[in-house]
Amino acid sequence: MRTSRTLLITLCLSALASSCTETAEAPAPVRRPKVAAAVVDSSPRQCTTRLTQCYYGTGPAGEPCSCWSSAGAPDHGITTK
């Protein structure tokens, strides 16, 4: 009798413990519409170098670029919006 009571209590406690566990799901990533992504990525940008700044087409900022310096040689920099 004592064994069955202990077994019953153990089963109840384990069932209670397993029903109380919580699981959290990661939030879904925010997706931009294709039109909004195209507008952001095709905006005009400048190439900023040590000595000069020039127009460098359209696209995302932060890419390597080059402008012609006043000395007549290409000067390397990074694109900015």
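What you see is a predicted model; the values in this text were computed from it and never measured. The numbers attached to residues start from 1 for each chain and follow its sequence in the written order. The predicted nature of this model means local features are confined to residues of pLDDT at least 70 and side-chain atom pairs, given and counted, to a pLDDT of 80 or more, with totals for whole chains, interfaces and linings taken over all residues. To obtain the side-chain values, all non-hydrogen atoms of the structure were included, while hydrogens and water were left out.

Novice: Help me understand the pairing of strand β2 (residues 53–58), please; the structure alone is not making it clear to me.
Specialist: Where a strand is regular, its side chains alternate between the two sheet faces. Paired strands, in this sense, are two strands between which DSSP finds at least two bridges. Secondary structure counts use DSSP, requiring at least four H or I residues in a row for a helix and at least two E residues in a row for a strand, with both numbered from the N terminus. The pairing of strand β1 (residues 44–49) with β2 spans 4 bridges and is classified as antiparallel. Paired with Cys 47 across the two strands is Cys 54, which belongs to β2. In textbook terms, the turn of a hairpin is the stretch between consecutive antiparallel strands, and for β1 and β2 this stretch comprises 3 residues.

Novice: Explanation requested: the sheet that holds β2 in the structure shown.
Specialist: Across a sheet, strands are paired by hydrogen bonds formed along the backbone, either parallel or antiparallel in direction. Spatially, 4 strands are ordered β2-β1-β4-β3 in an open sheet, and the strand pairing comes out antiparallel. Unpaired on one side and paired on the other, β2 and β3 (64–68) mark the two borders of the sheet. Direction aside, neighbouring strands of the sheet carry axes that sit 45° apart on average. For helices, the fitted line uses only the C-alpha atoms of the stretch in contact; every axis is such a line through C-alpha atoms, and the angle between N-to-C directions lies from 0 to 180 degrees.

Novice: Honestly, the state of the cysteines in this entry has me stumped. Any pointers?
Specialist: Put plainly, two cysteines are in a disulfide when a covalent bond ties their sulfur atoms together. The criterion for a disulfide is a pair of cysteine sulfur atoms lying within 2.5 Å. What the rule picks out here adds up to 2 disulfides. Disulfide pairing is shown between Cys 54 and Cys 67; the S-S distance is 1.8 Å. Its S-S torsion of about -85° marks the bond between Cys 54 and Cys 67 as left-handed, since a negative value means left-handed. Here Cys 54, found in strand β2, pairs with Cys 67, found in strand β3; they are 13 residues apart in sequence, far enough to count as distant. Each residue is placed in one exposure class: buried if its accessible area under a 1.4 Å probe, protein chains only, is under 20% of its type's maximum, exposed if it is over 50%, and partly exposed if it falls in between. According to the relative accessible area criterion, Cys 54 is partly exposed, its value standing at 22%.

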